[in-house]
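Structural characterization, general
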Amino acid sequence: MLSNPFQRHTRRSVVIEFNPHQVLVAGITRPRRGPVVVECAAEFPAMETGAIRDWLDRQSDFRRNWATAICGYVPRQSVVLRENVHAEDLTDPARLESFITEQQARRAGSSAPFREASAEDWLFRAVQANDGRALEAGQGLQPALIVGIARHEIRHVEQRVLDCRLVPGRIEPTLLPLFGSIYELMARRHQSQATVVVVVQDETTHVYILGKEGVHTPPGVPFGLTALVQQVRRDSGLDTDEAAVRELRQPSPDMRTRAPRLLRGLAGALRPAIDSYEMTTGQPVGPVHCAYLPPPLSWLAEPLAVAVGHEAFAVDCRDWMRSAGLEAAPGVTLLGANWLGALSLAAYLPENATLESEKGLGKGVSFQRSWHVDSRQPMEIPDAGPVRRSFVAAALAGAAMVLGLTFAAWQWQVCRTLGADAAYWREQLSEHRELFADLTRASAALDADAARLAAAHALMHAPFQPSDFLMSIGQSLPPRTRIDRIEANDGRVVLAGSLLEPAEEASRSLGLYLEALRRAPEFRGRFTSITATSLQRTRDDDALAFEITMRFPAPAP
Amino acid sequence: MITPVGPLRGFARRRPLVAGCLFLAALSLPANLYLWRERSAVTAEHAEIRRRGEATLAAVADRGRIKADVAALTEALGEIDRHLASEESMEVNLGYFYRVEKLSRVRLARIDQLVAAPTIAGQPYKAVPVSLRVTGPYRNLLAFIRELETGPRLLRVREYRLERDPGVTDLNLHLTVDLLAHP
């Protein structure tokens with residue numbers, strides 16, 4: 001079958017676990033089909049951050065910044081309670097707060113770090129105590145395992161993940177996946193006895209008993225690694241705590257021999273809880289698993305189990321991985337018993353499952369597994385400066401790119417459009433070339449003919465026709481007036497005649513005649529002046545002879 | 001020697017989006033310069049060819065009018081040319097006036113063809129002056145002038161003098177006209 005080349009077949013993620021003694025980091029690839037492959041793994045001191053990023057940068061497949069991380073952590077301030085609850089009690093924050101506070105008040109003398117639960121400061125998650133599934137509403141009282149974690153610790157974990165330039169896809173209290181893995185190992189071994197999980201921290205030690213009825217949570221004991229170091233120091237006569245720690249991490253044969261005695265105090269504190277479990281449930285307790293002990297301290301697991309009166313819970317991570325949908329790539333050498341919790345975070349990842357932070361990137365589906373709860377908080381970035389600068393830089397770079405590419409695209413489009421238009425005009429010119437030449441010749445002939453006509457007009461044109469002028473004069477002549485001579489040339493017209501009236505009346509009539517000539521439409525505008533140039537009494541009679549001169553405008557130069 | 005390749009590679013790895021955008025922006029710079037020159041050249045060429053094309057199309061659209069104008073002009077010039085006078089053919093020129101005399105019933109007392117002004121090189125026509133003295137009643141003289149004005153020969157009345165002699169009913173008309181003639 002052909003595969004879609006645009007379909008991303010493999011997702012890469014980072015699994016990171018912050019436990020009381022170490023930070024465990026593994027790079028995993030999640031193919032569409034088949035087991036999740038652990039490509040690389042490393043262990044770091046508990047407070048390390050920078051070395052983690054450096055290590056990731058050296059891994060060719062995982063050096064991408066802001067890769068998705070599946071995070072697990074063992075909080076210093078937490079409470080794990082087994083209680084019978086209604087699922088509805090856990091959905092209402094107010095009811096949950098009062099419920100937890102009430103339960104804690106009953107556990108007088110426990111090592112629980114709070115006496116009053118507040119949803120503002122604590123985050124509570126709950127699963128069914130026997131199989132780790134989510135609580136179902138309407139099922140009445142159910143044995144639940146309630147995990148309360150201080151919110152500031154979650155934020156601290158988130159910040160550490162961000163410091164490693166990773167994006168937390170999930171943040172889980174790693175104890176729950178660990179319980180799930182241990183239950184699975186018990187089932188594979190057909191183990192009927194309960195398993196004791198001991199988590200030794202610096203100041204306290206927590207014990208959880210995984211039996212048939214689910215996880216039981218006896219109170220923790222105020223005896224941790226610090227107290228053990230002090231005991232080693234006293235017992236071995238060492239001067240400093242560092243020497244005692246070194247003795248614990250690099251135990252001599254003598255130390256191994258003395259170990260049950262050294263652990264007697266811790267075992268004595270744990271044993272009542274185990275005995276109480278056996279008495280109340282009637283179920284025998286079997287092996288003891290010391291979780292999260294780093295390889296240098298892992299030798300303590302067996303003496304502690306012996307001191308408690310049981311045997312150690314054997315864990316072969318590589319064997320367990322095969323049944324948990326995991327596979328170690330060749331060359332991955334770590335993955336001892338201390339990795340059980342970290343690898344449990346990635347166990348049973350369903351195919352095509354998508355982490356929360358990957359939802360925006362593809363079409364995956366989120367997943368819900370037993371013994372897994374997500375405790376991520378809304379992101380709070382204490383210093384928004386770098387983010388702002390990063391955003392501004394990205395925005396500026398993006399704007400520069402968009403501007404540059406848009407301008408280039410516009411110029412290319414303009415060139416293309418103008419080129420096409422020029423081709424159209426070339427085609428038009430080519431099509432009309434003959435016609436245009438013919439018209440050019442016709443225009444030239446027209447110009448030549450027009451020039452000839454203009455020459456003829458220049459020679460022959462006159463301001464008006466003499467016949468029209470003579471007729472107009474005849475029609476405008478007043479009574480008792482006689483014209484004797486009309487003389488015209490290019491500059492003027494002279495009218496000479498006589499008025500057959502008494503002199504005074506004749507002069508008045510001549511004036512009126514001149515006014516009439518000036519106003520007449522056929523003369524107005526054709527002459528610059530119409531004036532009487534002579535008015536004399538004739539010799540023969542009493543008539544008055546007159547002469548009127550009408551001047552043409554001067555010709556244009 | 002320190003080369004910028006290492007830091008650039010590190011920057012690209014840390015900020016692939018920003019690096020990609022900057023790379024494309026930098027790439028678009030020479031592309032824009034090249035396209036700017038191309039666009040300038042194409043724009044100039046387009047403007048020239050469009051101007052020529054529009055002139056051609058306008059001329060083609062005016063073809064009918066141009067042809068009609070040419071035809072009208074040709075006809076008018078043909079009409080003029082058919083009736084042009086010739087300075088050398090005085091008898092023909094004066095004969096035209098005698099024919100008009102007969103039509104308008106006046107008496108052509110004297111007629112003289114004057115010397116024409118020298119022809120300017122390149123001029124298609126020249127004017128041949130003719131001096132006339134005509135006698136007759138007013139109406140007939142007016143008809144004579146009207147006949148000259150509307151007759152087939154193109155002429156211009158340059159000067160005229162219309163006068164009556166004492167005790168005589170007929171009028172005297174002194175005319176100087178320019179006949180349009182072959183150069």
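Just so we're clear, the structure is a prediction, and the values are computed from it rather than from any experiment.

What follows concerns the overall build of chain B. When you go through chain B residue by residue, the secondary structure sums to five helices and four strands. Excluding contacts between residues fewer than 6 apart, the proportion of contacts in chain B whose partners are at least 24 apart in sequence is 62%.

What follows covers the overall build of chain A. Of the regular secondary structure elements, chain A holds 15 helices and 17 strands. Among the 557 residues that make up chain A, the fraction classed as buried is 48%. Here the contacts in chain A between residues at least 6 apart in sequence split such that 63% fall between residues at least 24 apart. Entry remark: accessible area of chain A is about 27300 Å², with carbon and sulfur atoms responsible for 53%.

With that out of the way, let us pick up the packing of helix α12 (residues 385–431) of chain A against helix α2 (residues 16–61) of chain B. How two helices sit against one another is set out by the angle between their axes and by the gap between those axes. Contact pair α12 of chain A / α2 of chain B: the axes reach a minimum separation of 7 Å and the direction vectors enclose 20°. Relative to α2 of chain B, α12 of chain A is oriented roughly parallel. Judged by the twist between their axes, the crossing of α12 of chain A over α2 of chain B is left-handed. Along the lines of polarity and charge, the residues of the contact of α12 of chain A with α2 of chain B split into 26 nonpolar, 11 polar and eight charged.

Turning our attention to the interface of chain B and chain A. Each partner contributes residues to the interface: chain B has 62 residues there, and chain A has 60 residues. For the chain B and chain A pair, buried surface summed over both sides reaches about 5700 Å², with 69% attributable to carbon and sulfur atoms. On the chain B side of the interface with chain A, the three residues burying the most area are Arg39, Arg156 and Tyr160 of chain B, jointly 12% of the side's total. Linking chain B with chain A are six salt bridges, by the criterion used here. On inspection of chain B and its partner chain A, the count reaches 20 residue pairs in polar contact (both at pLDDT 80 or more).

A word on the sheet that holds strand β14 (residues 481–488) of chain A. On the basis of which strands lie adjacent, the open sheet formed by eight strands has the order β16(A)-β17(A)-β15(A)-β14(A)-β3(B)-β4(B)-β2(B)-β1(B) and antiparallel pairing. Among the strands making up the open sheet, the edge pair consists of β16 (529–537) of chain A together with β1 (107–113) of chain B. Shown here is a sheet whose adjacent strand axes are inclined to one another by a mean of 20°, direction ignored. Two elements, β14 of chain A and strand β15 (residues 492–499) of chain A, share seven bridges in a ladder whose sense is antiparallel. From the neighbouring strand, arginine 482 of chain A faces β15 of chain A, where its bridge partner is serine 498 of chain A. Each of β2 (126–136), β3 (155–164) and β4 (171–181) of chain B is contacted by helix α13 (residues 433–460) of chain A, which is oriented at about 160° to β4 of chain B, the strand it contacts most. On top of the sheet, helix α5 (residues 138–150) of chain B reaches β1, β2, β3 and β4 of chain B; it is set at about 5° to β4 of chain B, its chief contact.

What follows concerns the packing of aromatic side chains. Tallying each qualifying case throughout the model produces 12 aromatic pairs over all chains. Centroid distance phenylalanine 469 of chain A to phenylalanine 523 of chain A: 5.6 Å. Interplanar angle 80°. Geometry classified as edge-to-face. Of this pair, phenylalanine 469 of chain A sits in helix α14 (residues 466–476) while phenylalanine 523 of chain A is found in the loop between α15 (503–519) and β16, placing the two residues 54 residues apart along the sequence. Owing to a relative accessible area of 2%, phenylalanine 469 of chain A belongs among the buried residues under this scheme. Aromatic pair tyrosine 96 of chain B and phenylalanine 97 of chain B: ring centres 5.7 Å apart, planes at 70°, arrangement edge-to-face. For tyrosine 96 of chain B, a relative accessible area of 4% gives the class buried.

All names here are of chain A. Its place among the elements puts arginine 82 in strand β5 (residues 78–86). Although arginine 82 lies buried, it forms no salt bridge, and the closest oppositely charged side chain, glutamate 213, sits 6.1 Å away as judged by the N-O distance. In this structure the side chain of arginine 82 is engaged in a polar contact, spanning 2.7 Å, whose partner is the backbone oxygen of glutamate 213. Other than its neighbours up to four places away in sequence, arginine 82 contacts Ala129, Pro143, Ala144, Leu145, Glu213, Gly214, Val215, His216 and Thr217.

Right, let's talk about the confidence of the model for chain A for a bit. In the predicted model, chain A carries a mean pLDDT of 83, and the fraction of residues at 70 or more is 90%. Note that pLDDT drops below 50 for residues 360–366 of chain A; the model gives that stretch 10 contacts with residues more than four away or on any other chain.

Attention now moves to a nonpolar patch on the surface. Residues Leu405 of chain A together with Phe23, Leu24 and Leu27 of chain B make up a contiguous nonpolar surface patch of about 360 Å² in total accessible area. Broken down by element, the nonpolar patch gets its largest block of residues, three residues, from α2 of chain B. Positionally, leucine 27 of chain B belongs in helix α2. In this structure leucine 27 of chain B comes out as partly exposed when scored by relative accessible area, which is 47%.

All names here are of chain A. Strands sit in the order β11-β10-β9-β12 across an open sheet of four strands; the sheet is mixed. Both outer strands of the open sheet, β11 (214–216) and β12 (285–291), are each paired with one neighbouring strand and no more. Averaged over all adjacent pairs, the angle separating strand axes in this sheet is 25°, with direction ignored. The sheet contact formed by strand β9 (residues 194–200) and β12 spans five bridges and is parallel.

As a further point, take the environment of arginine 376 of chain A. Residue and element names in this part refer to chain A. Turning to its location among the elements, arginine 376 is positioned in the loop between α11 (340–346) and α12. Taking relative accessible area as the criterion, arginine 376 reaches 26% and is therefore assigned partly exposed. Spatially, the C-alpha atoms of arginine 376 and valine 157 are 9.6 Å apart, while their sequence positions differ by 219 residues.

The next thing to look at is the packing of helix α5 (residues 225–236) of chain A against helix α7 (residues 253–262) of chain A. All names here are of chain A. Running from amino to carboxyl end, α5 crosses α7 at an angle of 120°, the nearest separation of the two axes being 11 Å. As the angle between them shows, α5 and α7 are arranged oblique. Once α5 is placed against α7, the crossing between them reads as right-handed. Contact residues: Leu228, Gln231, Val232, Asp235 and Ser236 in α5; Met255, Arg258, Arg261 and Leu262 in α7. Of the residues in the contact of α5 with α7, the class split is four nonpolar, two polar and three charged.

Along a regular strand, successive side chains alternate from one face of the sheet to the other. All names here are of chain B. Across the 11 residues that make up β4, a large majority, 10, are buried. Where β2 and β4 come together, 11 bridges link them in antiparallel fashion. Across the sheet, the residue bridging to valine 134 is leucine 173, located in β4. In terms of strand pairing, β3 meets β4 through nine bridges, oriented antiparallel. Bridging from a neighbouring strand, leucine 155 pairs with leucine 179 of β4.

Before going further, it helps to examine unusual backbone geometry. Residue and element names in this part refer to chain A. Of note, the phi angle at arginine 165 is positive, near 55°, even though the residue is not glycine. On the secondary structure map, arginine 165 appears in the loop between α3 (151–163) and β8 (166–173). A positive phi angle, near 55°, is found at histidine 190, a position not held by glycine. You can see histidine 190 is positioned in the loop between α4 (175–188) and β9.

Criteria and cut-off values
Counting restarts for each chain: residues are numbered from 1 in the order of the written sequence. Chains and ligands are labelled sequentially in the order written, the chains with letters from A and the ligands with numbers from 1. Local features in this predicted model are restricted to residues whose pLDDT is 70 or higher, and side-chain atom pairs enter the listing and the counts only when it is 80 or higher, whereas totals over whole chains, interfaces and linings include all residues. Side-chain measures here rest on the full set of heavy atoms in the structure, leaving out hydrogens and waters. Counting from the N terminus, the helices are the DSSP runs of H or I reaching at least four residues and the strands are the DSSP runs of E reaching at least two. Contacts are residue-level and defined by heavy atoms, with any inter-residue pair within 4.5 Å sufficient. Exposure is judged per residue with a 1.4 Å probe applied to protein chains only, and the accessible area is read against the type maximum: over 50% gives exposed, under 20% gives buried, and values in between give partly exposed. Methods summary: accessible areas were calculated by the Shrake-Rupley approach with a probe of 1.4 Å, and residue burial reflects only the protein chains presented. The convention used is that axes are lines fitted to C-alpha atoms, helices contributing only their stretch in contact, and that angles between N-to-C directions extend from 0 to 180 degrees. Under this scheme an angle from 65 to 115 degrees is roughly perpendicular, one under 35 degrees roughly parallel, and one over 145 degrees roughly antiparallel; angles in between are oblique. If you view the pair so one helix is near and one far, a crossing is left-handed when the near helix is turned anticlockwise from the far one by less than a right angle, and right-handed when it is turned clockwise. Classification used: nonpolar for Ala, Val, Leu, Ile, Met, Phe, Trp, Tyr, Cys and Pro, charged for Asp, Glu, Lys and Arg, polar for all others including Gly. Two parts placed together each lose some accessible area under a 1.4 Å probe, and adding up what both lose gives the buried area. Only one rule defines a salt bridge in this text: a Lys or Arg side-chain nitrogen within 4 Å of an Asp or Glu carboxyl oxygen. For this analysis, a polar contact is any N or O atom pair within 3.5 Å, provided that within protein one partner can donate a hydrogen and the other can accept it, and provided that sequence-adjacent residues contribute only side-chain to side-chain pairs. Strand pairing is defined by DSSP finding a minimum of two bridges between the two strands. Each aromatic pair joins two rings of Phe, Tyr and Trp (for Trp, the six-membered one) with centres within 6.5 Å, and gets the label stacked for planes under 30 degrees apart, edge-to-face for over 60, and tilted for any other angle. For the charge count, each Lys or Arg is scored as positive and each Asp or Glu as negative, with His and the chain ends excluded. Scored between 0 and 100, pLDDT is the confidence that the predictor attaches to each residue. Only residues whose relative accessible area exceeds 30% and that form no salt bridge are eligible for patches; like-charged ones are grouped when within 9 Å, while nonpolar side chains (Val, Leu, Ile, Met, Phe, Trp, Tyr) are grouped when within 5 Å.

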